[in-house]
Amino acid sequence: MPRTVAVVGGGISGLAACYHLARSPQAPKVVLLEASARVGGWLQSTRTEDGAVFEHGPRGIRPVGAVGRDTLHMVSELGLEGDILPVPGDHPASRNRFLYARGALHKLPSGLGGLLRPVPPFSRALFWSGLRDLVAPASTQPDETVHAFVCRRFGEEVADIAVDSLCRGVFAGDCRALSVRSCFPALFEAERHRRSVLLGLVLGRGKKPGAESPLSRRARAERWSQWSLRGGMESLAAALAAFLRQRGVELHCHAPLRRLRRDPGGGWQLALADGTVTADHVVSAIPAGALAEVLPAEAELLARELRHIPAVAVAVVNLQYEGAKLPVTGFGHLVPSSEDSSLLGIVYDSVAFPEHNRSGAASLRLTVMLGGAWFTQSFGDPAAVAPSLLLRRAQDAVRAHLGLEAAPSHSIVKVHKACIPQYTLGHWRRTESIGRYLTEQGLPLSLVGASYAGVSVNDCIASAKAAVNRLLGQPC
Ligand SMILES: Cc1cc2nc3c(=O)[nH]c(=O)nc-3n(C[C@H](O)[C@H](O)[C@H](O)COP(=O)(O)OP(=O)(O)OC[C@H]3O[C@@H](n4cnc5c(N)ncnc54)[C@H](O)[C@@H]3O)c2cc1C
Ligand SMILES: C=Cc1c2[nH]c(c1C)Cc1[nH]c(c(CCC(=O)O)c1C)Cc1[nH]c(c(C)c1CCC(=O)O)Cc1[nH]c(c(C)c1C=C)C2
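Given the structure is predicted, the values throughout are model-derived calculations rather than measurements.

A closer look at unusual backbone geometry
When glycine is set aside, most residues are seen to have a negative phi, and most peptide bonds are trans.
Then step 1. P121 follows P120 through a cis peptide bond whose omega is 10°.
Then step 2. If you trace the backbone, P121 turns up in the loop between α4 (111–116) and α5 (126–135).
Then step 3. The phi dihedral of A418 falls on the positive side, at around 40°, and the residue is not glycine.
Then step 4. The topology assignment puts A418 in strand β18 (residues 410–421).

Here it is, written out as structure tokens:
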């Protein structure tokens, strides 16, 4: 059992790792090192003086599955229950999602009726794609791109339009490069175990545990599709930081790790700009590429694998309009890469979370997301792109797709460099080889965070919990 654990990176993964360390019965001394001036990582919310909340990173967390239940349990323990903003199952933001294809918005089909007849932009009823999946033979390949997998099982049109857009709306990535095994493990496993993706998803693999709480029971009863917090997602990071301080965890901002060195006693020396911290164990909660840069020279084999986990940049443009009305109501719309590769999609924030509108005003808030895997080809170097160019592109899209001609009353442009890791073909082999290296070398190092086993906030929290349980010898 380590006496001192240094957690590097104060995003949601690092904060969650500290949380699980700090509440364990024999909590070690925990030190959190964060490079920037604040904790939260991509959980970034701007609260304006007139009460509006603009999200620059995640805006909704799913309550489903063991990982969703675990996050809600943590939220309850942090005393945030009263701040939860749920989106119930019958809400338009839960029921309606759109695609912008061939110059028009199309509601994604739902219910049996929507599957039995052709619904634009699809030329054939999706029923036929489902039938194809039921009869197509299963593959024995260890991995496949998401596009190849879906082409084989559901046909080219579903892959080119629906799944292309889905990968842009979750990974900001290209389904022709992303791995089905790592990005959509449930689909991959369903084919493996039931020979058909649909059969596998319907029959499922049993309910995974995950901590039940009154909040998770409420989420199930009301069929929440997602939830947020009154103060925005960043308030989850703030509540975790407050909890950790109370439990005696040392939180250091402006503390970038420059170099990791093994110390003769078997632990680590962590070199910072202005000193050194020693620890028996390190939990890395920084992106894979950032960890590769601080590893000692003798861990070059590990660094090489880590450098093969890339991440893409996304421009996030928040817009607020007064007295404007959307032509449709729902969560938002995605844009297939064949329509416009530079524009990923638009979230209709004020539909899902009207509580985040400025006080007393029925303003409309939208977020336009640009770039992703197409950032450089569309806008050049993310470090050099002019915010005014991104704002203009976002406004043009809102005008063309949603018919909003007026200028926004408020706008914020953020360029997030390397913000969403890309699990490309063969990612599973890289993570296995990384795990093997750590075991064989007996390194007192755990890797958590979005670079490895899921990019959602729930996945990040779950990866931190699992790593802490392994470290403290508790059941996972
Ligand atoms: C635009 C956008 C929208 C998203 N939408 C959703 C959504 O709706 N729902 C959802 O579930 N997920 C969403 N996600 C995904 C999710 O937010 C992220 O995957 C998650 O927040 C990543 O958390 P992390 O702690 O692993 O990494 P990060 O947030 O990247 O945290 C890593 C931290 O490490 C620090 N760091 C880096 N190098 C060093 C160093 N050398 N020393 C010390 N500190 C260092 C960084 O400053 C940072 O604070 C979205 C992500 C983005 C970018
Ligand atoms: C347009 C770009 C993006 C939008 N959101 C994200 C990007 C890159 C990032 C993102 N969105 C979700 C997650 C978490 C995934 C999870 O497993 O929980 C991340 C990292 C949630 C999500 N958003 C969409 C889907 C289908 C999902 C998966 C979970 C769910 O079904 O709710 C679709 C979607 N994302 C965006 C829009 C405009 C959109 C659809 C209309 C924005």
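Looking at the domain arrangement of the protein
Then step 1. For the protein, the domain assignment lists domain 1 (4–42 + 233–309 + 424–472), domain 2 (92–203) and domain 3 (310–421).
Then step 2. Between domain 2 and domain 3, the contact holds 24 residues from the first and 29 residues from the second.
Then step 3. Carbon and sulfur atoms supply 61% of the area buried between domain 2 and domain 3, which totals about 1900 Å² over both sides.
Then step 4. Looking at the side of domain 2 facing domain 3, the largest losses of area belong to F98, Y100 and R168, adding up to 38% of the total buried there.
Then step 5. Here domain 2 and domain 3 share 0 salt bridges between them.
Then step 6. Listed by contribution, the elements that provide at least two residues to the side of domain 2 that touches domain 3 are α3 (92–95), β6 (97–101) and α7 (156–171).
Then step 7. Broken down by element, the side of domain 2 that touches domain 3 gets its largest block of residues, 9 residues, from α7.

Observations concerning the sheet that holds β6
Then step 1. Taken in spatial order, the 7 strands make up an open sheet running β7-β6-β15-β16-β17-β14-β18, and their pairing is mixed. Both outer strands of the open sheet, β7 (104–107) and β18, are each paired with one neighbouring strand and no more. If you compare each strand with its neighbour and ignore which way they point, the axes differ by 25° on average.
Then step 2. One ladder, built from 4 bridges, connects strand β16 (residues 343–347) with strand β17 (residues 364–372); its direction is antiparallel. In the strand pairing of β17, V347 is matched with T367.
Then step 3. Of the strands in this sheet, β6, β7, β14 (311–321), β15 (332–334), β16, β17 and β18 are in contact with helix α17 (residues 387–402), which crosses β14 at around 65°.

Some points on the pairing of β14
Then step 1. With 10 of 11 residues buried, β14 lies mostly within the body of the structure.
Then step 2. Looking at chain direction, β14 and β18 are connected through 9 bridges and run antiparallel. Bridge assignment links V316 to a residue of β18, and that residue is K414.
Then step 3. Strand direction decides the pairing type here: β14 and β17, joined by 9 bridges, are antiparallel. Each residue of the ladder has a partner; that of V314, found in β17, is G371.

Comments concerning the sheet that holds strand β11 (residues 268–272)
Then step 1. Here we have 3 strands laid out as an open sheet, ordered β10-β11-β12, and antiparallel in their pairing. Edge positions in the open sheet fall to β10 (259–262) and β12 (275–279), since each of these has one partner strand only. Pairwise comparison of adjacent strand axes, ignoring direction, gives a mean angle of 25° for this sheet.

Focus: the site of ligand 2
Then step 1. Taken together, 19 residues form the shell around ligand 2, and within it R62, R97, G169, V170 and G332 come nearest.
Then step 2. Take R62: an N or O atom from its side chain is 3.1 Å from an oxygen atom of ligand 2.
Then step 3. A distance of 3.0 Å separates a nitrogen atom of ligand 2 from a polar atom in the backbone of G169.
Then step 4. Within the complex, the protein chains bury 81% of what would otherwise be the 760 Å² of accessible surface of ligand 2.
Then step 5. For the shell around ligand 2, the elements supplying multiple residues, two or more each, are α7, β15 and β16.
Then step 6. For the shell around ligand 2, the class distribution of residues is 11 nonpolar, 5 polar and 3 charged.

Focus on empty space enclosed by the protein
Then step 1. Counted according to the given criterion, the structure contains 1 cavity of 30 Å³ or more.
Then step 2. Every residue along the wall of the largest cavity is listed here: V53, E55, R59, D349, F353, H356 and R365.
Then step 3. Among the residues forming the lining of the largest cavity, the class breakdown is 2 nonpolar, 1 polar and 4 charged.

Quick word on the site of ligand 1
Then step 1. The local shell around ligand 1 holds 31 residues, among which S13, E34, L257, V455 and V457 are the closest.
Then step 2. Residue L257 places a main-chain N or O atom 2.9 Å away from a nitrogen atom belonging to ligand 1.
Then step 3. Contacts to ligand 1 include V455, whose backbone N or O atom sits 2.5 Å from an oxygen atom.
Then step 4. Coverage of ligand 1 by the protein amounts to 85% of the 1000 Å² it exposes when considered alone.
Then step 5. Within the residue set of the shell around ligand 1, elements represented by two or more residues are α1 (12–22), β18 and α19 (457–471).
Then step 6. Of the residues that constitute the shell around ligand 1, the class distribution is 19 nonpolar, 10 polar and 2 charged.
Then step 7. In terms of domain composition, the shell around ligand 1 takes at least three residues from each of domain 1 (4–42 + 233–309 + 424–472) and domain 3 (310–421).

A word on the packing of helix α2 (residues 65–77) against helix α11 (residues 214–221)
Then step 1. For the pair α2 and α11, the least separation of the axes is 8 Å and the interaxial angle reads 130°. Comparing the axis directions of α2 and α11 gives the class oblique. Only L215, S216, A219 and R220 of α11 make contact with α2, whose side of the interface consists of R69, L72, V75 and S76.
Then step 2. Partitioning the contact of α2 with α11 into residue classes produces 4 nonpolar, 2 polar and 2 charged.

Reading the values: rules and limits
- Residues numbered from 1 in each chain as written.
- Chains lettered and ligands numbered in written order.
- Predicted model: local features only at pLDDT ≥ 70, side-chain atom pairs only at ≥ 80, totals over all residues.
- Heavy atoms only, no water.
- Helix = DSSP H or I, 4+ residues; strand = E, 2+ residues; numbered from the N terminus.
- Domains from an automatic or database assignment.
- Contact = heavy atoms within 4.5 Å.
- Buried area = accessible area lost by both parts, 1.4 Å probe.
- Salt bridge = Lys/Arg side-chain N within 4 Å of Asp/Glu carboxyl O.
- Pairing = 2+ DSSP bridges.
- Axes fitted to C-alpha atoms, helices over the stretch in contact; angles between N-to-C directions.
- Buried < 20%, exposed > 50% of the residue type's maximum accessible area, 1.4 Å probe, protein only.
- Near = heavy atom within 4 Å.
- Polar contact = N/O pair within 3.5 Å; in protein donor to acceptor, adjacent residues only side chain to side chain.
- Areas by Shrake-Rupley, 256 points an atom, 1.4 Å probe, with all protein chains shown as cover.
- Nonpolar A, V, L, I, M, F, W, Y, C, P; charged D, E, K, R; others polar.
- 1 Å grid on protein atoms, 1.4 Å probe; cavity = no way out; pocket = protein on both sides within 12 Å on 5 of 7 lines; lining within 4 Å.
- Points joined across faces, edges and corners; volume = space filled by probe spheres on them.
- Parallel < 35°, antiparallel > 145°, perpendicular 65-115°, else oblique.

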